[in-house]
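Per-entry structural report
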There are 4 protein chains.
Amino acid sequence: MSGNTFGLLYCVTSFGESHGPAYGGVVDGCPPGLELTKEDIQKELDRRKPGSSRHVTQRRESDSVEILSGVYDGRTTGTAIGFLVRNEDQRAKDYSAIAEKFRPGHADYTYWKKYGVRDPRGGGRASARETVVRVAAGAIAKKWLRERYGVEVRGYLAELGSRKIAFRSWDSVNQNAFFCPDAEIVAQLEKFMDDLRESGDSCGARVNVVAANVPAGWGEPVYGRLDADIAWAMMSINAVKGVEIGAGFASIGQKGSEHGDEMTPQGFVSNNNGGVLGGISTGQDVTVSIALKPTSSIRLPRRTINVRGEATSIETTGRHDPCVGIRATPIAEAMLACILMDHALRHRAQCADVKVENSKKIN
Amino acid sequence: MSGNTFGLLYCVTSFGESHGPAYGGVVDGCPPGLELTKEDIQKELDRRKPGSSRHVTQRRESDSVEILSGVYDGRTTGTAIGFLVRNEDQRAKDYSAIAEKFRPGHADYTYWKKYGVRDPRGGGRASARETVVRVAAGAIAKKWLRERYGVEVRGYLAELGSRKIAFRSWDSVNQNAFFCPDAEIVAQLEKFMDDLRESGDSCGARVNVVAANVPAGWGEPVYGRLDADIAWAMMSINAVKGVEIGAGFASIGQKGSEHGDEMTPQGFVSNNNGGVLGGISTGQDVTVSIALKPTSSIRLPRRTINVRGEATSIETTGRHDPCVGIRATPIAEAMLACILMDHALRHRAQCADVKVENSKKIN
Amino acid sequence: MSGNTFGLLYCVTSFGESHGPAYGGVVDGCPPGLELTKEDIQKELDRRKPGSSRHVTQRRESDSVEILSGVYDGRTTGTAIGFLVRNEDQRAKDYSAIAEKFRPGHADYTYWKKYGVRDPRGGGRASARETVVRVAAGAIAKKWLRERYGVEVRGYLAELGSRKIAFRSWDSVNQNAFFCPDAEIVAQLEKFMDDLRESGDSCGARVNVVAANVPAGWGEPVYGRLDADIAWAMMSINAVKGVEIGAGFASIGQKGSEHGDEMTPQGFVSNNNGGVLGGISTGQDVTVSIALKPTSSIRLPRRTINVRGEATSIETTGRHDPCVGIRATPIAEAMLACILMDHALRHRAQCADVKVENSKKIN
Amino acid sequence: MSGNTFGLLYCVTSFGESHGPAYGGVVDGCPPGLELTKEDIQKELDRRKPGSSRHVTQRRESDSVEILSGVYDGRTTGTAIGFLVRNEDQRAKDYSAIAEKFRPGHADYTYWKKYGVRDPRGGGRASARETVVRVAAGAIAKKWLRERYGVEVRGYLAELGSRKIAFRSWDSVNQNAFFCPDAEIVAQLEKFMDDLRESGDSCGARVNVVAANVPAGWGEPVYGRLDADIAWAMMSINAVKGVEIGAGFASIGQKGSEHGDEMTPQGFVSNNNGGVLGGISTGQDVTVSIALKPTSSIRLPRRTINVRGEATSIETTGRHDPCVGIRATPIAEAMLACILMDHALRHRAQCADVKVENSKKIN
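The paragraphs below set out a description of the structure included in this document.

Cut-off values and rules
Residues numbered from 1 in each chain as written. Chains lettered and ligands numbered in written order. Predicted model: local features only at pLDDT ≥ 70, side-chain atom pairs only at ≥ 80, totals over all residues. Heavy atoms only, no water. Pairing = 2+ DSSP bridges. Helix = DSSP H or I, 4+ residues; strand = E, 2+ residues; numbered from the N terminus. Least-squares fit on C-alpha atoms with pLDDT ≥ 70 in both. Contact = heavy atoms within 4.5 Å. Axes fitted to C-alpha atoms, helices over the stretch in contact; angles between N-to-C directions. Left-handed = near helix turned anticlockwise from the far one by under 90°. Nonpolar A, V, L, I, M, F, W, Y, C, P; charged D, E, K, R; others polar. Buried < 20%, exposed > 50% of the residue type's maximum accessible area, 1.4 Å probe, protein only. Buried area = accessible area lost by both parts, 1.4 Å probe. Salt bridge = Lys/Arg side-chain N within 4 Å of Asp/Glu carboxyl O. Polar contact = N/O pair within 3.5 Å; in protein donor to acceptor, adjacent residues only side chain to side chain. Phe/Tyr/Trp six-rings, centres within 6.5 Å; stacked < 30°, edge-to-face > 60°. Lys NZ or Arg CZ within 6 Å of the ring centre and 35° of its normal. Expected span 1.5 Å × (residues − 1). Disulfide = S-S within 2.5 Å.

**Concerning the sheet that holds strand E16 (residues 286-292) of chain B**
Strands sit in the order E9(A)-E8(A)-E10(A)-E16(A)-E11(A)-E11(B)-E16(B)-E10(B)-E8(B)-E9(B) across an open sheet of ten strands; the sheet is antiparallel. With partners counted over all chains shown, the strands left at the sheet margins are strand E9 (163-164) of chain A together with strand E9 (163-164) of chain B, one partner each.

**Notes on the relation of the copies chain B and chain D**
At an RMSD of 0.0 Å, chain B and chain D line up after a rotation of 180° and a shift of 0.0 Å along the axis. Here the two chains are linked by the operation of a two-fold rotation axis. Residue threonine 13 of chain B, judged by its C-alpha, is the member of chain B lying nearest the rotation axis, at 3.7 Å. Of the interface residues in chain B, 100% have counterparts in chain D that sit at the interface too, so the contact is made through matching surfaces.

**Observations regarding the packing of helix H6 (residues 226-235) of chain B against helix H8 (residues 328-351) of chain B**
The axes of two packed helices give the description: the angle between them and the distance between them. All names here are of chain B. At a minimum axis separation of 9 Å, H6 and H8 run at an interaxial angle of 145°. The chirality of how H6 crosses H8 is right-handed. On H8, the residues that touch Leu226, Asp229, Ile230, Trp232, Ala233 and Met234 of H6 are Ala332, Met335, Leu336, Ile339, Leu340, His343 and Arg346. When grouped by side-chain class, the residues that make up the contact of H6 with H8 number ten nonpolar, one polar and two charged.

**Section: unusual backbone geometry**
Phi is positive for aspartate 63 of chain C, close to 50°, though the residue is something other than glycine. Relative to the helices and strands, aspartate 63 of chain C resides in the loop between helix H1 (38-48) and strand E4 (65-67). In this structure, alanine 239 of chain D is a non-glycine residue whose phi angle is positive, near 80°. Here alanine 239 of chain D shows up in the loop between helix H6 (226-235) and strand E11 (240-245). Here alanine 239 of chain D falls in the buried class, since its relative accessible area comes to 17%.

**Here we look at the relation of the copies chain A and chain B**
The operation relating the two chain copies consists of a rotation about an axis and a shift along that axis. Each copy of the sequence occupies a distinct position, and chain A is placed on chain B by a rotation of 180° and an axial shift of 0.0 Å, giving an RMSD of 0.0 Å. A high fraction, 100%, of the interface residues of chain A reappear at the interface in chain B, so the copies pair face to face through one surface.

**Overview of the interface of chain A and chain B**
Opposite the 115 residues of chain A that make contact, chain B presents 115 residues. A buried area of about 9,200 Å², summed over both sides, lies between chain A and chain B, and 60% of it is on carbon and sulfur atoms. On the chain A side of the interface with chain B, the three residues burying the most area are Lys114, Tyr223 and Lys241 of chain A, jointly 10% of the side's total. Counting the contacts that link chain A with chain B gives four salt bridges. One can count 51 residue pairs in polar contact (both at pLDDT 80 or more) joining chain A with chain B.

**Observations concerning the side chain of glutamate 220 of chain B**
Its place among the elements puts glutamate 220 of chain B in the loop between strand E10 (205-212) and H6. Separated by 3.2 Å, the side chain of glutamate 220 of chain B and the backbone nitrogen of glycine 3 of chain A make a polar contact.

**Comments concerning the interface of chain B and chain D**
Contact with chain B, which involves 42 residues of that partner, is made by 42 residues of chain D. Between chain B and chain D, a total of about 3,200 Å² is buried, with carbon and sulfur atoms accounting for 60% of that surface. Across the contact surface, chain B and chain D share two salt bridges. Note that arginine 86 of chain B is salt-bridged to glutamate 66 of chain D, the shortest N-O span being 3.0 Å. Remark: the boundary between chain B and chain D carries seven residue pairs in polar contact (both at pLDDT 80 or more).

**With respect to the packing of aromatic side chains**
This structure, assessed with the given rule, holds 49 aromatic pairs over all chains. Note on tyrosine 156 of chain C and phenylalanine 167 of chain C: the rings are 4.9 Å apart at their centroids and 50° apart in plane angle, and the pair reads as tilted. One end of the pair, tyrosine 156 of chain C, is in strand E8 (residues 152-160); the other, phenylalanine 167 of chain C, is in the loop between strand E9 (163-164) and helix H4 (170-173), and eleven residues separate them in sequence. Residue tyrosine 156 of chain C is classed as buried on the basis of its relative accessible area, which comes to 11%. For the ring pair tyrosine 156 of chain D and tryptophan 170 of chain D, a centre distance of 5.5 Å and an interplane angle of 75° mean the geometry is edge-to-face. Of this pair, tyrosine 156 of chain D sits in strand E8 (residues 152-160) while tryptophan 170 of chain D sits in helix H4 (residues 170-173); the two residues are 14 residues apart in sequence, bridging distant segments of the chain. Judged by its relative accessible area of 23%, tryptophan 170 of chain D is partly exposed. Taken together, the aromatic side chains of Phe102, Tyr109 and Trp112 of chain A together with Phe268 of chain B make up a single cluster linked through ring pairs. In this structure, arginine 148 of chain C packs its charged tip against the face of tyrosine 149 of chain C, placed 4.6 Å from the ring centre.

**Overview of helix H8 (residues 328-351) of chain A**
For H8 of chain A, spanning 24 residues, the distance from its first C-alpha to its last is 34 Å, which sits close to the expected 34 Å at 1.5 Å a residue. Burial of H8 of chain A is extensive: 24 of the 24 residues sit out of reach of the surface.

**Points about the environment of tyrosine 111 of chain A**
Here tyrosine 111 of chain A lies in helix H2 (residues 108-115). Taking relative accessible area as the criterion, tyrosine 111 of chain A reaches 10% and is therefore assigned buried. Once residues within four sequence positions are removed from consideration, tyrosine 111 of chain A is found in contact with Gly116, Val117, Arg125 and Ala126 of chain A, Pro221, Gly278 and Ile280 of chain B together with Thr79 of chain C.

**Brief notes about the environment of lysine 49 of chain D**
Residue and element names in this part refer to chain D. With respect to the helices, strands and loops of the structure, lysine 49 is situated in the loop between helix H1 (38-48) and strand E4 (65-67). By relative accessible area, which is 24% here, lysine 49 ends up partly exposed. With 13 residues separating them in the primary sequence, lysine 49 and serine 62 have C-alpha atoms 7.5 Å apart. Here lysine 49 is in contact with Glu61, Ser62, Asp63 and Arg327, once residues within four sequence places are set aside.

**Points about the state of the cysteines**
The term disulfide refers to a covalent linkage connecting the sulfur atoms of a pair of cysteines. All names here are of chain C. Applying the stated criterion to the full structure yields zero disulfides over all chains. Cysteine cysteine 323 is unpaired, with the sulfur of cysteine 203 as its nearest cysteine sulfur at 3.9 Å. Left unpaired, cysteine 338 is separated from the closest cysteine sulfur, that of cysteine 11, by 10 Å. Classification of cysteine 338 as buried rests on a relative accessible area of 1%.

**Side note on the pairing of strand E8 (residues 152-160) of chain A**
All names here are of chain A. Within E8, seven of the nine residues are buried, which leaves it mostly tucked inside the rest of the structure. Note: E8 against strand E10 (residues 205-212), eight bridges, orientation antiparallel. The partner of valine 153 across the bridge, within E10, is alanine 211. As defined by bridge partners, E8 adjoins E9 across two bridges and the pair is classed as antiparallel. The partner of leucine 160 across the bridge, within E9, is arginine 163. Adjacent in sequence and paired antiparallel, E8 and E9 are bridged by two residues, among which glycine 161 carries a positive phi angle near 55°.

Listed below in structure tokens is the structure:
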């Protein structure tokens, strides 16, 4: 694989560029018989859609998905599910001023060093618009996980810039443009973003994702660990610079007597391990936290070089998210769902016949 | 792959258990012609060897490696390199008291839930002894990367428990049992560990790893990102709960005008991105930081359950590292080296013919 | 991978069904900088297009390809090349009479047993229309192989039913509807096909494929053999039941003194091995021969069962190729090209630095 | 993967050379709980062992296997099964006379062209001794397939040189050195081989392999076809030049009305398709036939070149099988078993929940 396919059994292949005609993907390995409509995918795409509030990029895209294969009579057939999302608002002119310059912190420099190709139009393949493919694939995974195992994958914004956000309720999360779990501070976040936008700068964010009702036993030892695959999945999202499972970096300062989650017949007493031990799910919530860097495309002038290696400066005036973290929640959920589904399938491939003979179930 | 092989072109396969006869591995994809002796691997294995100080497990293992294939006349042939490390000190009796109980924070519970098998002997496949395979594979990768591209992969202990350790010099790192880059505080770390060991508890740690001289262009977009693969590799190491690239979680609180690394004809001005942009190396140092949780096997009594789901308590008296982070530096280096080598090969497969026509080189 | 992606470095992913809205694919791993237009792909698609003569299915499809990504300014960018071919003539009514019955020799029975889904419309995913994706991917591979290494991949019809066809010239091959290398017998083949079609029956065929100018050294030992991957590729084509490399089944009756190709400073004296020894290319022509079974959808009545397991009979009156082998030549060429390109990339990944120091080149 | 690992879920990794210290392998993905002893593997290794009759190589190897991991208390644990077979009779002197020459029809030339390395000792990695790893992995697969699904994988010699061998009974197969299914002709085969050996020449062979009781539904469409993977597996065996499934090359001359296997409530009426339709098993016997070329290492003098490209001649006097096909039966069985097991696991991963609602089972 050359970087555009992931998953061993639930495989996702992606193509498309920010200013090309379309994005699309192929989901391979979905079990047959799952009820699936365009709407199942569309509703997740709508959650990450640009232009849904003034705090995100104003690019106008309906992000309307077309299912091209793999579904017959309203159900998955077990064959490859191909889908397409046409680009509708690819204004190439936005990028003319920066056609020969590199944005500090942006991938246009590394793509050019790797491929010898300079496509200035909106980041090309490096654009975060690629995440439509992930979200579509994740929508299918979420649905299957929910229907087959009762797994629920949900996320929320946990920090916006340096501001920490307390978790209040899942109900709030989908009722504001930030996926903020605390309804009372939404107005403050809006003020913060308005100020930020006006300043021409951008900021980072933290997103937490939780998968509930994951059965014990998913994940493989050593190199096939569930948490390692989750770390991969999260770090593969544009702008992510850090990943934690469970207590994450706080584990450093913990003693073993504090970190190791005790067990009782009623279940685990705590969840420092984030639902994964030895790379295998414990039956607790799988908890993941990610750091997203501030957007590299900002209006403030910055020192840079051009394709000839000459010093210059750049300011990016196109339509960009001042905080990519705001729209990252559905993307992180999608990636977690894809990884979980892959491991669900892998687990039942190898261990379908395993019967654990403990009379008392502890999860 | 079912979890015991990783890498697309530089492939590592691993087998072995803590109390079985041996660990071993297969390195597939190494270019032919690399000078390679047993000593090249042994010197890295010796860095992670147990029993090398009183601060780590007292298990007595020479960790002596035997190369079984893939090397002829002192050079790699291009075919699979098989190697073996016999276990010498597998005292199964250590585990008899806990044969039916689960250690809080340990993988013996999840392995049992997954496979229906309870191998109480030293964690079986979940034991950190498996990392001999990684270190051996990493030794070969390190050597090739150094000889072919001048890449240098090095790590150090950056936190021990809640104590932060400042980076002073690479020279110090290999001159103490902690891989501590500050010679002056080693005595304090020893005191800290002596107290910890006496208390019967364990602690976490942070390890930083840096790869210098990585050319720009390694890594693939979207799902084949270098940083995503590094995140996977680090999180696949026993006890790792968090991974950062570059500024990592600090990115959350940064503004874009602060985070985005400016460029001049002399090179990048800073390295918040940790040497990777859009999943592709920039030519700067690749910088990685990981959090290791405290060892789960501790002497202090803890609540747990047994295989019948009944409440009980456990204290683990075998030979364990009170801080697995102490020996983690060579392991993290090895994993980073394997990932870099895989991407070096992938890059030249696809882009061997690319010529980037900038007269002034900026890296 | 769940069956819809192949290739390690030159990766092809496919989706689509005979009576769905479209077929499409993703080619991942193509080096950047290759000049590529829609026409480069279209001209190969046109060679396998239905309806191009009265001897093949009369389904009317323009098989017009749309490139959706991976090409910028007339050149490949190194990122995923997505493409789409819309179905235009999917008359579902053709299949109503057989909706509950299984065609002897057809995959509709096995798909139903595997997935529990019965999609009677034209074979669904099992339809040979899927080969548009292979031909498109092969068109890109052929072009790159030709431009980068001078490799030429060509095929021809070698048997039609039990009639053997002598190889006369490559010039003839593309000048008749059969890819027949002997212009003089085309009229006889037409007569044969007219009679066959009238009889309501179908027939098998043999197609030979040859890759010239393949450098020595492509392919990997043991499980990564070039010939093994070619065998996989050929047998993955609809209706193929046998594959030969070089002397193939004739090797059985040969003595070692006859089969083993002698070498002189001027090169190999013969090519019984078909250009591959030990899984690695020799520098000679890579020669492959495949057997295609007769089409299963025929007008003659046959005994079968229905979805309830009851005895019934079936005759298939839709539009079908009476000999799928007639259109198989471009498909087999495409598959061979994809495998060769994959191994070209794999070889230079591992062996880019190898210098074989023989002053006299023998290939 | 760089050629030394195969399988998606039942993964086999191999290392070792003919004149190195050992061969070994890793089987990854075997379900836990399978009873497995050294003897289960040894008995299959003994079937392919050299020196077991005067008709095969006289190299003296006990081929004694050591299981190093993945088995605890007599059962598989679900983790990687590592195993080792030490070489005992690697007489390097045998090869001194040919150290700089290439054997016509042998891989030593292509290995040298690929890797720039000339290891004259017994073919190095290209030696057919590598098949010990395949046979060991196949032994585990055969056992699991038999116990879990009742699948029986068996093979026999179908042609020796140009002499065709009729199938009489499975009972005969393991009672002679040829895996000949016709006890009455064994003496004739012995005479044939004695004459051949005396002449200093070698001959080819055909081996047929059959898997009985394979459930319908194994295999994946398009690129994951069971028959394509079988073709790959067979062609990856040393000396194989052709593969047929079912009617194979005879399909070319068949009419559709003859080839397509009719179905009745009692089952299929014939098996031209060899138990696979559309890449998915039908529930019938999976039937495979392979052509093995004559051994390239023969005593008769042949024209060749040396590493300097100069004309010379060669005669190979070491210990070689005059017909590698004689020992190929257990190898071909092993490869078929590995592929079937891989697809059994893949199938239940995706389709574990499928219920095909036909009251009358037809297989």
